[in-house]
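# Observations on chain architecture
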Amino acid sequence: MILSNLPGSFAHGVLEKRHPALIQQVRSAYPYSPQQRRALDNLLEEITDGSITPLDTNAFDHEAWAAWGSDYFGRSWLDVPFLWAESFFYRKLLAATSYFETGPWQGIDPFAPAKRAELHSSVVDEELRALDALPSRSAPEQAEMLLQSSLWGNRADLGFRIENAAPGAIATNLVVDDSTSLWSRLTEVTPGTVAVVADNSGRELIPDLVLIDHLLQRGYAAAAVLHVKPYPYYVSDATMSDVIDSLRRLVHAPGQAGEIGRRLWDAMGTGRLDVRSHPFFCAPLPYSAMPEDLRDEFGASSVTIVKGDLNYRRLVGDRHWDATTPYEDLTGYFPSPVAALRTLKSDVIVGLSQQQLVTLEASNQEWRTSGTHALVQAPEVTR
């Protein structure tokens, strides 16, 4: 199990540096009340100098977190599983900003200002204009371009900053590429429902939506289900509000982007595109512990595509696996064929060959955590 108590490790850096900086960012994003400011300051003190305290007993999910954290309360944040500590930090951050409390701050996303700034940036304008080149490409080229766009869009995570990203990384730094298996999986049977488990909003969610449109338009899917978080989580994780904002951004864009946006808007109205959420998406647990109702949902899909680093950690388990452990060995429990699209931002990685691992380890790069490398992993198709 990955912990955060090793100085110099990625997990240690997240708890020691990223989380305190995030509290300051959230504190300055809104004119919070003195009570909310004190709560944020108390959270900062707890994660830096204190021990883990439970949620207030009046919190709607107090019992769930009490069970999940029964072995961790009273201990240092650094000495408990990294996945649990990160998840509980974001839950306590929402508590500090009164997100769940009855009153004027209820439902106010503390990360919304950063999300909106990114969504309406000139960079997104350029990315939307680039879609105008799609009609000039062949169908296979379009499919590969949109898959790569969805994959590398994961680098746009607002809680993560790329440093010294090498030019040409998109072409050279794909450590696993099972895209052929993924496309074969999508074409091997009569088109069914494709599930996409979203990661980040904004610059990642838009390419995900464009990919979904392609799957529907080209007959890879008869319907699509986009799974999002039930409330704000991990800074930029997508919620229903973010889906709506992204769809509006597409609909009001000129050219191909606008056409795609209108098709997706109509698809939601006819049920070909459904957006769903589940409390489990904000639980500090691996997907192997998913409840039966969510298992049934995924089991009804012909293919499930999980996006991003957190979903990957939950899919294979947030552990120090041997990197050559076969992907299928750790995902065989999933109720439908499951593919992962992920840029690498944490230590967990499986499915590499021994030669790949040796080469990457000898590269003197922080390839596991820098966001400069990526993977497409999917189970092989046997015909």
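Each value, and the rule that gives it
Residues numbered from 1 in each chain as written. Predicted model: local features only at pLDDT ≥ 70, side-chain atom pairs only at ≥ 80, totals over all residues. Heavy atoms only, no water. Helix = DSSP H or I, 4+ residues; strand = E, 2+ residues; numbered from the N terminus. Rg over C-alpha atoms; globule rule 2.2 N^0.38 Å. Buried < 20%, exposed > 50% of the residue type's maximum accessible area, 1.4 Å probe, protein only. Contact = heavy atoms within 4.5 Å. Areas by Shrake-Rupley, 256 points an atom, 1.4 Å probe, with all protein chains shown as cover. Lys, Arg positive; Asp, Glu negative; His and termini not counted. Charge placed at Lys NZ, Arg CZ, Asp CG, Glu CD. Axes fitted to C-alpha atoms, helices over the stretch in contact; angles between N-to-C directions. Parallel < 35°, antiparallel > 145°, perpendicular 65-115°, else oblique. Left-handed = near helix turned anticlockwise from the far one by under 90°. Nonpolar A, V, L, I, M, F, W, Y, C, P; charged D, E, K, R; others polar. pLDDT = per-residue confidence, 0-100. Core = buried A, V, L, I, M, F, W, Y, C linked by side-chain atoms within 4.5 Å. Salt bridge = Lys/Arg side-chain N within 4 Å of Asp/Glu carboxyl O. Pairing = 2+ DSSP bridges.

### Looking at the overall build of the protein chain
When helices and strands are tallied, the protein chain shows 16 helices and 7 strands. Its C-alpha radius of gyration of 20 Å places the protein chain within 12% of the 21 Å reference for a compact globule of 383 residues. Of all 383 residues assigned to the protein chain, the portion counted as buried reaches 54%. Sequence-distant contacts in the protein chain: of pairs separated by 6 or more residues, those separated by 24 or more amount to 75%. Entry remark: accessible area of the protein chain is about 16400 Å², with carbon and sulfur atoms responsible for 51%. For the protein chain, the distance from the average position of its 33 positive side-chain charges to the average position of its 48 negative side-chain charges is 4 Å.

### Quick word on the packing of helix 2 (residues 34–49) against helix 4 (residues 82–96)
At their nearest, the axes of helix 2 and helix 4 sit 8 Å apart, and the two run at 155° to each other. In terms of axis orientation, helix 2 runs roughly antiparallel to helix 4. Across from Q36, A39, L40, L43, E46 and I47 in helix 2, the residues of helix 4 making contact are F89, K92, L93 and A96.

### Digging into the packing of helix 4 against helix 14 (residues 308–316)
Following both chains from N to C, one finds helix 4 and helix 14 inclined at 135°, their axes separated by 12 Å at the closest point. One way to sum up the angle between helix 4 and helix 14 is to call them oblique. The two elements helix 4 and helix 14 cross, and the hand of that crossing is left-handed. Contacts between helix 4 and helix 14 pair F82, L83 and E86 from the former with L310, R313 and R314 from the latter. Each residue belonging to the contact of helix 4 with helix 14 can be placed in one class, and the counts come to 3 nonpolar, no polar and 3 charged.

### Some details on the environment of L131
Its place among the elements puts L131 in the loop between helix 6 (122–129) and helix 7 (139–152). Taking the C-alpha atoms as reference, L131 lies 23 Å from T372; in sequence the two are 241 residues apart. Those residues in contact with L131 that lie beyond four places of it in its chain are L146, V210, Q256, A257 and I260.

### Looking at the confidence of the model for the protein chain
With 95% of its residues at a pLDDT of 70 or more, the protein chain has an overall mean of 92. Low pLDDT, under 50, characterises residues 158–171; the predicted model gives this stretch 23 contacts beyond four residues in sequence or across chains.

### Here's the deal with the nonpolar core
Judged by nonpolar contacts, the single largest core of 71 residues is most densely connected at F89, Y90, L93, Y312, L315 and L352. The element contributing the most residues to this core is helix 4, with 10 residues. L211, V243, L247 and A253 belong to the second largest nonpolar core, which has 48 residues in total.

### Observations concerning the pattern of salt bridges
For the structure on display, the rule yields 17 salt bridges. Note that E361 and R368 form a salt bridge whose closest N and O atoms lie 3.7 Å from each other. A single network of salt bridges, built from pairs that share partners, joins E86, R313 and D318.

### Looking at the environment of D61
By the element assignment, D61 lies in the loop between helix 2 and helix 3 (62–68). With a relative accessible area of 8%, D61 lands in the buried category. It is 9.9 Å that separates the C-alpha atoms of D61 and R91, two residues lying 30 residues apart in sequence. Sequence-distant contacts of D61, defined by excluding residues within four places in its chain, comprise L55, R91 and Y231.

### What to know about the sheet that holds strand 6 (residues 338–343)
On the basis of which strands lie adjacent, the open sheet formed by 7 strands has the order 1-7-6-5-2-3-4 and mixed pairing. The sheet is open, and its two edges are formed by strand 1 (174–177) and strand 4 (273–277), each paired on a single side. Averaged over all adjacent pairs, the angle separating strand axes in this sheet is 15°, with direction ignored. Strand direction decides the pairing type here: strand 1 and strand 7 (residues 374–377), joined by 3 bridges, are parallel. Counted as the bridge partner of V176 is L375 from strand 7.

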